[in-house]
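One letter stands for each residue in the lines below.
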Amino acid sequence: MTEAYNAQPTAYSLQAHRLALVLPAAGLGSRMGGPVRKPFLEILGQPVLCHTLRRFQGLPGLRQVVVVVHPEDLAYVRSSIWPRLRQLGATHLIPGGERRQDSVACALDVLRADTDIVLIHDAVRPLVPRRAIEESILAAAEHGAAVVAMPVADTIKRADGDSVAETVPRDGLWLAQTPQTFRLGLIRQAFRAAAEQHFEATDDAQLVERLGLPVRLVRGSHENFKITTPEHLHIAEALLARSHQ
């Protein structure tokens, strides 16, 4: 990875690209607890997934939005949530695979062949800034791949059991967020290579890194966190309520 990308997006430059959005929403969400998966928990009367999709609504050049859900949730989403997602721009609803990587691969398979750029964004990051979305598109168009991220601010300790083994220098360390944005041909190539080599990544950008290709950093936001616990849900509710005032 290199220094953070700092483009100034314009409607004209964004419209030059044919875009697709993939929203993986098939995870089990075991840390949250309860019977409802995280993307379908409600904040201010709307599922988290709706709040997330609203961040991309009206994005110039966006032609496909693929929502990937757990196979057990397909019937529920179709009957209860899909009409709202369609109003927000969703075009496809498909079942996911066993792993997140499998779910994204399923979504890549249904994208139009003439798509230029695909954004892959966690369904439970409902506070991603529009600026970061747009800058990631421009960075991916120019460099092939981009990841929204934040530089590490806290001191990092490596553990040995319950004890500190060492303090890790934080210079040059970034916390990956989403969207992670790619030229379609590149990310498909990266997924094919991972499948052939039976490699499982912790995020999509890692698959491109394994090809020896650059991934551009785009500065994100501390508010662009992933909802994984009940505390995160309360924080997101407060921030979304503030933004709606």
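Note that the coordinates shown come from a computational prediction; the quantities given were computed from them, not determined experimentally.

**Student:** Teacher, can you tell me more about the pairing of strand S2 (residues 19-25) here?
**Tutor:** On a regular strand, one side chain projects to one face of the sheet and the next to the other, so that they alternate. Judged by how many residues are buried, S2 sits mostly within the fold: seven of seven residues are covered. Neither face of S2 is open: one carries Leu-19, Leu-21, Leu-23 and Ala-25, the other Ala-20, Val-22 and Pro-24, and all of them are buried. As paired elements, S2 and strand S5 (residues 62-69) share seven bridges and run parallel to each other. Bridge assignment links Val-22 to a residue of S5, and that residue is Val-66. As paired strands, S2 and strand S7 (residues 117-120) are joined by four bridges and run parallel to one another.

**Student:** Help me understand the packing of helix H4 (residues 100-109) against helix H6 (residues 184-196), please; the structure alone is not making it clear to me.
**Tutor:** For any two helices packed against each other, one specifies the inter-axial angle together with the distance between the axes. Running from N to C, H4 and H6 cross one another at 135 degrees; their axes reach a closest spacing of 11 Å. As summarised for this structure, H4 and H6 are arranged oblique, according to the angle between their axes. Between H4 and H6 lies a crossing whose hand is left-handed. Residues Gln-101, Val-104, Ala-105, Leu-108 and Asp-109 of H4 form the contact with H6, whose participating residues are Leu-184, Ile-187, Arg-188, Phe-191 and Ala-194. Counted by class, the contact of H4 with H6 contains seven nonpolar, one polar and two charged residues.

**Student:** Is there a simple way to explain H4 in this structure?
**Tutor:** Residues spaced three or four apart along an α-helix face the same direction, because each turn holds 3.6 residues. For H4, every residue scored as buried is listed here: Gln-101, Ser-103, Val-104, Ala-107 and Leu-108. Summarising the axial view, the buried residues of H4 lie within an arc of 160 degrees, below the 170-degree limit, and thus occupy one face. Against the buried residues of H4 lie S2, S5, strand S6 (92-95), S7, H6 and helix H7 (204-209).

**Student:** Mind showing me how you'd approach the pattern of salt bridges here?
**Tutor:** Opposite charge on two side chains permits them to pair, given that their charged atoms come into close proximity. Applying the stated criterion across every chain yields a total of 14 salt bridges. Between Glu-72 and Arg-37 there is a salt bridge whose closest N-O contact spans 3.3 Å. Taken as a pair, Glu-72 in the loop between S5 and helix H3 (74-87) and Arg-37 in the loop between S2 and strand S3 (42-43) lie far apart in primary sequence, 35 residues in all. Note on Glu-72: relative accessible area 63%, which makes it exposed. Judged by its relative accessible area of 13%, Arg-37 is buried. Between Glu-223 and Arg-242 there is a salt bridge whose closest N-O contact spans 2.8 Å. Of the two residues, Glu-223 is situated in the loop between strand S12 (216-219) and helix H8 (230-243) and Arg-242 in helix H8; the sequence distance between them amounts to 19 residues. Owing to a relative accessible area of 29%, Glu-223 belongs among the partly exposed residues under this scheme. The network of salt bridges with shared partners includes Arg-100, Asp-122, Arg-125 and Asp-204.

Reading the values: rules and limits
Counting restarts for each chain, with residues numbered from 1 along the sequence as it is written. Thresholds applied to this predicted model are a pLDDT of at least 70 for local features of residues and 80 or more for the giving and counting of side-chain atom pairs; totals over whole chains, interfaces and linings are not thresholded and use all residues. Side-chain figures throughout are based on the complete set of non-hydrogen atoms in the structure, without hydrogens or water. Note on classification: 1.4 Å probe, protein chains only; a residue is buried when its accessible area is under 20% of the maximum for its type, exposed when over 50%, partly exposed between these limits. Helix and strand labels come from DSSP, where a helix needs a run of H or I of at least four residues and a strand needs a run of E of at least two; each type is numbered from the N terminus. Pairing between two strands is assigned when DSSP locates at least 2 bridges connecting them. Convention adopted: a line fitted to C-alpha atoms gives each axis, helices being fitted over their contacting stretch, and angles between N-to-C directions are expressed from 0 to 180 degrees. Angles below 35 degrees are treated as roughly parallel, those above 145 as roughly antiparallel, those between 65 and 115 as roughly perpendicular, and all remaining angles as oblique. Crossings are assigned a handedness: left-handed for a near helix turned anticlockwise from the far helix by less than a right angle, right-handed for a clockwise turn. Here, two residues are considered to be in contact whenever any of their heavy atoms come within 4.5 Å of each other. Polar here means any residue outside two lists: the nonpolar Ala, Val, Leu, Ile, Met, Phe, Trp, Tyr, Cys and Pro, and the charged Asp, Glu, Lys and Arg; Gly therefore counts as polar. As used here, the arc is the angular range of directions from the helix axis to the C-beta atoms. By definition here, a salt bridge exists when the distance from a side-chain nitrogen of Lys or Arg to a carboxyl oxygen of Asp or Glu is within 4 Å.

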